[in-house]
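This is what each chain is made of:
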Amino acid sequence: MKNIIVRAEREYEIKIDTDWKKELSSLMEGRKRTAIITSSSFSPDLAEILQLDSEVHHFTVPDGEAGKTFSTVTTLWDWLGAAGFTRSDLVVAIGGGALTDLAGFASATWLRGIDWVAVPTSLAGMVDASIGGKTGINSDYGKNLIGSFHSPIAVVIDPTWLETLTDRDFSAGMAEVIKCGFIKDPKILEITASRDVASLRSDQQTVVELIYRAAKVKAEVVSVDFKESFAREILNYGHTLGHAVEIHSKFNLRHGEAVAIGLVYAAELAAARSMISAEIVELHRSVLAKLGLPTTYDRDAWAALRPILALDKKSRGSTIRFVALNGIGSTARLEDLTSDELDAAYERICS
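Residues numbered from 1 in each chain as written. Predicted model: local features only at pLDDT ≥ 70, side-chain atom pairs only at ≥ 80, totals over all residues. Heavy atoms only, no water.

**Student:** Describe the pattern of salt bridges, with residues and values.
**Tutor:** With the rule as written, the count across this model stands at 34 salt bridges. For Glu 65, the salt bridge identified is with Lys 68, shortest N-O distance 3.6 Å. Neither residue differs from the other here; Glu 65 and Lys 68 are each classed as buried. (Salt bridge = Lys/Arg side-chain N within 4 Å of Asp/Glu carboxyl O. Buried < 20%, exposed > 50% of the residue type's maximum accessible area, 1.4 Å probe, protein only.)

**Student:** Account for the pairing of strand 6 (residues 115–120), with residues named and values stated.
**Tutor:** Strand 6 sits mainly inside the fold: six of its six residues count as buried. Bridge count between strand 5 (residues 90–95) and strand 6: six bridges; the pairing is parallel. Paired with Leu 90 across the two strands is Asp 115, which belongs to strand 6. Crossover strand 5 to strand 6 through helix 4 (residues 97–109) is right-handed. Judged from the two bridges that link them, strand 6 and strand 9 (residues 154–157) form a sheet pairing that is parallel. By the bridge assignment for strand 9, Ala 118 is matched with Val 155. (Helix = DSSP H or I, 4+ residues; strand = E, 2+ residues; numbered from the N terminus. Pairing = 2+ DSSP bridges. Right-handed = clockwise from strand over helix to strand, strands pointing away.)

**Student:** So what's going on with the environment of Lys 143? Residues and values would help.
**Tutor:** Position of Lys 143 relative to the elements: it lies in strand 8 (residues 142–149). What makes Lys 143 buried here is its relative accessible area of 7%. The spacing of Lys 143 and His 243 is 100 residues in sequence and 6.9 Å in space, taken between C-alpha atoms. Within the local environment of Lys 143, its side chain forms a polar contact with the side chain of Glu 246, the two groups lying 2.8 Å apart. (Polar contact = N/O pair within 3.5 Å; in protein donor to acceptor, adjacent residues only side chain to side chain.)

**Student:** So, the domain arrangement of the chain: which residues are in play, and what are the values?
**Tutor:** Many descriptions give the size of an interface as the accessible area lost when the pieces come together. Split by domain assignment, the chain resolves into domain 1 (1–160) and domain 2 (166–190 + 225–346). Taking only C-alpha atoms into account, the centre of domain 1 sits 27 Å from that of domain 2. The interface is formed by 20 residues belonging to domain 1 together with 18 residues belonging to domain 2. For the pairing of domain 1 and domain 2, the buried interface totals around 1,500 Å² over both sides, and the portion due to carbon and sulfur atoms is 68%. Looking at the side of domain 1 facing domain 2, the largest losses of area belong to Leu 123, Lys 143 and Phe 149, adding up to 37% of the total buried there. With a closest N to O distance of 3.2 Å, Glu 228 and Lys 134 form a salt bridge. (Domains from an automatic or database assignment. Contact = heavy atoms within 4.5 Å. Buried area = accessible area lost by both parts, 1.4 Å probe.)

**Student:** Tell me about a nonpolar patch on the surface, and please be specific about residues and values.
**Tutor:** On the surface, a nonpolar cluster with roughly 390 Å² of combined accessible area is contributed by Tyr 141, Leu 145, Ile 146 and Leu 311. Structurally, the position occupied by Ile 146 is in strand 8. A relative accessible area of 36% means that Ile 146 is categorised as partly exposed. (Patch = residues over 30% accessible without salt bridge, like charges linked within 9 Å, V, L, I, M, F, W, Y side chains within 5 Å. Areas by Shrake-Rupley, 256 points an atom, 1.4 Å probe, with all protein chains shown as cover.)

**Student:** Describe the sheet that holds strand 4 (residues 55–61), with residues and values.
**Tutor:** Reading across from one edge, 1-2-9-6-5-3-4 is the order of the seven strands in this open sheet, with mixed pairing throughout. Across the chains shown, the open sheet's two edge strands, defined by having one partner strand only, are strand 1 (2–7) and strand 4. Between one strand and the next, the sheet's axes are offset by a mean angle of 15 degrees, whatever the strand orientation. Each of strand 2 (11–16), strand 3 (33–39), strand 4, strand 5, strand 6 and strand 9 touches helix 1 (residues 20–28); the most contacted strand, strand 5, lies at about 165 degrees to it. Across the face of the sheet, helix 4 comes into contact with strand 3, strand 4, strand 5 and strand 6 while running at roughly 165 degrees to strand 5. (Axes fitted to C-alpha atoms, helices over the stretch in contact; angles between N-to-C directions.)

**Student:** Account for helix 14 (residues 339–347), naming residues and giving values.
**Tutor:** The α-helix advances 3.6 residues per turn, and as a result positions three or four apart in sequence lie on the same side. Every buried residue of helix 14 is accounted for by Leu 342, Ala 345 and Tyr 346. Along the long axis of helix 14, the arc covered by the buried residues comes to 100 degrees, so they all point the same way. Residues of helix 14 that are buried sit in contact with helix 10 (239–248), helix 11 (255–272), helix 13 (302–309) and strand 10 (322–327). (Arc of directions from axis to C-beta.)

**Student:** Please give an account of the UniProt feature "domain: 3-dehydroquinate synthase N-terminal" (unreviewed entry) in the chain that cites residues and values.
**Tutor:** In the numbering adopted here, UniProt assigns the feature "domain: 3-dehydroquinate synthase N-terminal" (unreviewed entry) to residues 59–171. End C-alpha atoms of residues 59–171 are separated by 29 Å, and the span's content is 34% helix alongside 29% strand. (UniProt positions renumbered as here; feature names shortened; annotations may be inferred.)

**Student:** Now, about the packing of aromatic side chains: what can you tell me, with residues and values included?
**Tutor:** Enumeration over the complete set of coordinates arrives at nine aromatic pairs. Here Phe 59 and Trp 79 contribute two aromatic rings whose centre-to-centre distance is 4.9 Å and whose plane-to-plane angle is 25 degrees, an arrangement assigned as stacked. A residue pair is termed long-range when its members are at least 10 positions apart, and Phe 59 in strand 4 and Trp 79 in helix 3 (residues 70–82) qualify at 20 residues. Both rings, one in Phe 149 and one in Phe 226, keep their centres 5.5 Å apart while their planes meet at 65 degrees; by these two values the pair is edge-to-face. Pair noted here: Phe 149 is in strand 8 and Phe 226 is in the loop between helix 9 (204–224) and helix 10, with a separation of 77 residues, a long-range link. Classification of Phe 149 by relative accessible area gives partly exposed; the value is 27%. In this structure, Lys 2 packs its charged tip against the face of Tyr 212, placed 5.0 Å from the ring centre. (Phe/Tyr/Trp six-rings, centres within 6.5 Å; stacked < 30°, edge-to-face > 60°. Lys NZ or Arg CZ within 6 Å of the ring centre and 35° of its normal.)

**Student:** Quick one: what's the story with the packing of helix 10 against helix 13, residue by residue and with numbers?
**Tutor:** To characterise two packed helices, one gives the angle between the axes of the helices and the distance between these axes. Two elements in contact, helix 10 and helix 13, have axes separated by 9 Å at closest approach and are oriented at 120 degrees. Relative to helix 13, the element helix 10 is oriented oblique. Crossing handedness for the pair helix 10 and helix 13: right-handed. Contacts from Thr 240, Leu 241, Ala 244, Val 245, Ile 247 and His 248 in helix 10 reach Trp 302, Ala 304, Leu 305, Ile 308 and Leu 309 in helix 13. Residues of the contact of helix 10 with helix 13, tallied by class, amount to nine nonpolar, two polar and no charged. (Parallel < 35°, antiparallel > 145°, perpendicular 65-115°, else oblique. Left-handed = near helix turned anticlockwise from the far one by under 90°. Nonpolar A, V, L, I, M, F, W, Y, C, P; charged D, E, K, R; others polar.)

This is the structure in structure tokens:
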């Protein structure tokens, strides 16, 4: 097992390559009540957990982004209230990134904050969504616009969950890993440069190393800037257009697939300003494409995407801000982009 310490509003461990049932049993010790939240189509084996000396409630919510709504979180609050949950009780989120976002937000807002544990079951959840304390739900106007900063007391990463993923979902999670390579850890790019999904999935040792490296990048950034004052924004590399694409696709694209498109777009913006070379832009395309990720989007979608960009959380007033690279492992901000620059970069990623 490899552990990473996150120091935010509380200090907690990311426990990597561990048995989730054993870790969860330990974390539940001394708790009168535990709420385990999963998605409605996901049925983890909870037999051992239900036998523990704790009053365990199992709540299910709609799958994926469909569950990240005000009505769902209201239902969770009602369940917690009916079960008598107090500040000494525990919430456990077992699922992908959307599930941990939702359950973390319910935990942040019930009694102004109760303890919760993230047990991510997707690769994207392991390296991104479950780490850092950003919790939230979606609005009709954008993704994750309603939320709170509320760290878990632990993140438990058991790589055996990855066996349950389709190749598409594994690949989507790799987009967040690749992002970490570009913004802070070039070794990730060296490891993945010649790999495809099949070769990675058959090499658990390498997958665990990639999870560790990506999680370490996020932990280090979050520990410096918990509430996204400035430094933490680098974790949103590729997400400005990525979130817009995700919304435009009505979430038919996975989060990581949309981010992959956003990564190439951000690289094109930086290259047009001579911040990075054409070779680095091509590296974005090649690494992502080998992992089965999209790097282009529909030309006709641009008119609809532009207004969504303005709702990005990094925007200030009417200024759309992008995280960009000025080299591999080195980031900057682009805040003065013209409409012509935005249009031209999109034209270069059109399918």
